[in-house]
Amino acid sequence: MDHELIEASVRNIFKAIGEDPDRPGIQETPKRVANMYEEIFSSLQQPKFEAYKLFETDDSINGELITVADIPFYSMCEHHLLPFFGTVSVGYIPQNGQVIGLSKIPRLVDYAAKRPTLQEAVTSTIGQTLMDILEPSGVGVIVKARHMCVEMRGVNKSNSVTKTSFYRGTFKEQAVRQEFLDTLKQ
Ligand SMILES: Nc1nc2c(ncn2[C@@H]2O[C@H](COP(=O)(O)OP(=O)(O)OP(=O)(O)O)[C@@H](O)[C@H]2O)c(=O)[nH]1
Ligand SMILES: [Zn+2]
């Protein structure tokens, strides 16, 4: 990431909005913003999600629902560069005896979220990546989020929650989807 360019750009934004970039309180802000972008946009440095491990289990796991619920995430909307944040719940059903290391699902959530993006894209990136690497019989993803661009500006609707979902394979079946949704309620 080009820190010098970010720093110069933040100084220019200060100038453009009528702030003095040399005012003591904000002198170090361009540097802080560059360091922050390194962190919150870190997944732009990773073209593919590779930080995962799969485990072979016996085939008795096949057909059983595995759910990880309420994983927190923070992202930045690509239209306004304001935060949106909330939770992700993921379910999948193995079919070849393969499962993914549990911590790798939150890592996948971070991979999908730590870039300028849209909630729909976070949702489908998580779902499609799991389909590709695990080849399960199905995947379900539900994302619930609050968008600062909707709450603190523009239409100014505080506390509204946007929900998006991604269902593939057996999660298209009503009974499977219902089991997933029931598990999330417990
Ligand atoms: N679908 C989707 N839209 C988003 C997301 N984040 C922000 N938006 C929307 O992106 C749209 C951008 O609309 P524009 O009309 O180009 O921008 P704007 O003039 O700032 O729009 P307002 O927010 O309505 O003031 C807005 O409707 C936002 O609410 C997201 O994750 N998914
Ligand atoms: Zn926005």
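Residues numbered from 1 in each chain as written. Chains lettered and ligands numbered in written order. Predicted model: local features only at pLDDT ≥ 70, side-chain atom pairs only at ≥ 80, totals over all residues. Heavy atoms only, no water.

An unreviewed UniProt entry annotates the chain as GTP cyclohydrolase 1 of Weissella viridescens. UniProt, in its Sequence similarities (unreviewed entry) section for the chain, records the words "Belongs to the GTP cyclohydrolase I family." Quoted verbatim from the Pathway (unreviewed entry) heading of the UniProt record, the comment on the chain is "Cofactor biosynthesis; 7,8-dihydroneopterin triphosphate biosynthesis; 7,8-dihydroneopterin triphosphate from GTP: step 1/1." (UniProt positions renumbered as here; feature names shortened; annotations may be inferred.)

Draft legend 1. Local environment of the UniProt feature "domain: GTP cyclohydrolase I" (unreviewed entry) in the chain. The feature "domain: GTP cyclohydrolase I" (unreviewed entry), as annotated in UniProt, sits at residues 6-184 in this numbering. Regarding residues 6-184, the helix share stands at 36% and the strand share at 27%, and the terminal C-alpha atoms are separated by 41 Å. (Helix = DSSP H or I, 4+ residues; strand = E, 2+ residues; numbered from the N terminus.)

Draft legend 2. Fine view of unusual backbone geometry. Unlike most non-glycine residues, Glu135 shows phi in positive territory, near 45°. Summarising the element assignment, Glu135 is placed in the loop between helix 4 (119-134) and strand 6 (138-147). At Asn159, a position not held by glycine, the phi torsion is positive, near 65°. Structurally, Asn159 is set in the loop between helix 5 (148-151) and strand 7 (162-169). Using a relative accessible area of 54% as the deciding quantity, one classes Asn159 as exposed. (Buried < 20%, exposed > 50% of the residue type's maximum accessible area, 1.4 Å probe, protein only.)

Draft legend 3. Up close: the UniProt feature "binding site: Zn(2+)" (unreviewed entry) in the chain. The residues that UniProt annotates with the feature "binding site: Zn(2+)" (unreviewed entry) are Cys77, His80 and Cys149. The largest pairwise C-alpha distance within this set of annotated residues, which runs over 73 residues, is 7.8 Å, so the set is compact in three dimensions. Looking at the element boundaries, Cys77 is found in strand 2 (residues 66-77). Owing to a relative accessible area of 5%, Cys77 belongs among the buried residues under this scheme. What makes Cys149 buried here is its relative accessible area of 10%. Setting aside residues up to four positions removed in sequence, Cys149 forms contacts with Cys77, His80 and Leu82. (Contact = heavy atoms within 4.5 Å.)

Draft legend 4. How the structure looks around the coordination of the zinc ion (ligand 2). Protein-derived coordination of the zinc ion (ligand 2) comes from Cys77 (SG), His80 (ND1) and Cys149 (SG), at a distance range of 2.0 to 2.3 Å. Sequence spacing of the donors to the zinc ion (ligand 2): C-x2-H-x68-C. Pair noted here: His80 is in the loop between strand 2 and strand 3 (83-93) and Cys149 is in helix 5, with a separation of 69 residues, a long-range link. (Donors = N, O, S within 2.8 Å, 3.2 Å for Na, K, Ca; no water.)

Draft legend 5. The arrangement of the site of ligand 1 in detail. Every residue close to ligand 1 is listed here: Cys77, His79, His80, Leu118, Gln119, Glu120, His147, Cys149, Val150, Arg153 and Gly154. Side-chain polar atom of His79 to an oxygen atom of ligand 1: 2.5 Å apart, as the coordinates give it. At a separation of 2.6 Å, an oxygen atom of ligand 1 approaches a polar side-chain atom of His80. Looking at the shell around ligand 1, the elements that each hand over two or more residues are helix 4 and helix 5. Across the shell around ligand 1, the residue classes tally to four nonpolar, five polar and two charged. (Near = heavy atom within 4 Å. Polar contact = N/O pair within 3.5 Å; in protein donor to acceptor, adjacent residues only side chain to side chain. Nonpolar A, V, L, I, M, F, W, Y, C, P; charged D, E, K, R; others polar.)

Draft legend 6. Molecular detail of the pattern of salt bridges. Counting across every chain of the model gives four salt bridges. One salt bridge in this structure joins Arg146 and Glu151, with 2.8 Å as the shortest N-O distance. A salt bridge links Asp182 to Lys185, with the shortest nitrogen-to-oxygen separation between them at 3.5 Å. Taken together, the residues Asp182 and Lys185, both in helix 6 (residues 174-185) and three residues apart, mark about one turn of the helix. (Salt bridge = Lys/Arg side-chain N within 4 Å of Asp/Glu carboxyl O.)

Draft legend 7. Geometry of the pairing of strand 3. Within strand 3, eight of the 11 residues are buried, which leaves the element mostly enclosed by the surrounding structure. Connecting strand 2 to the next strand, strand 3, in antiparallel fashion are five residues, including Leu81 with a positive phi near 55°. Looking at chain direction, strand 3 and strand 6 are connected through 10 bridges and run antiparallel. The partner of Gly86 across the bridge, within strand 6, is Ala145. (Pairing = 2+ DSSP bridges.)

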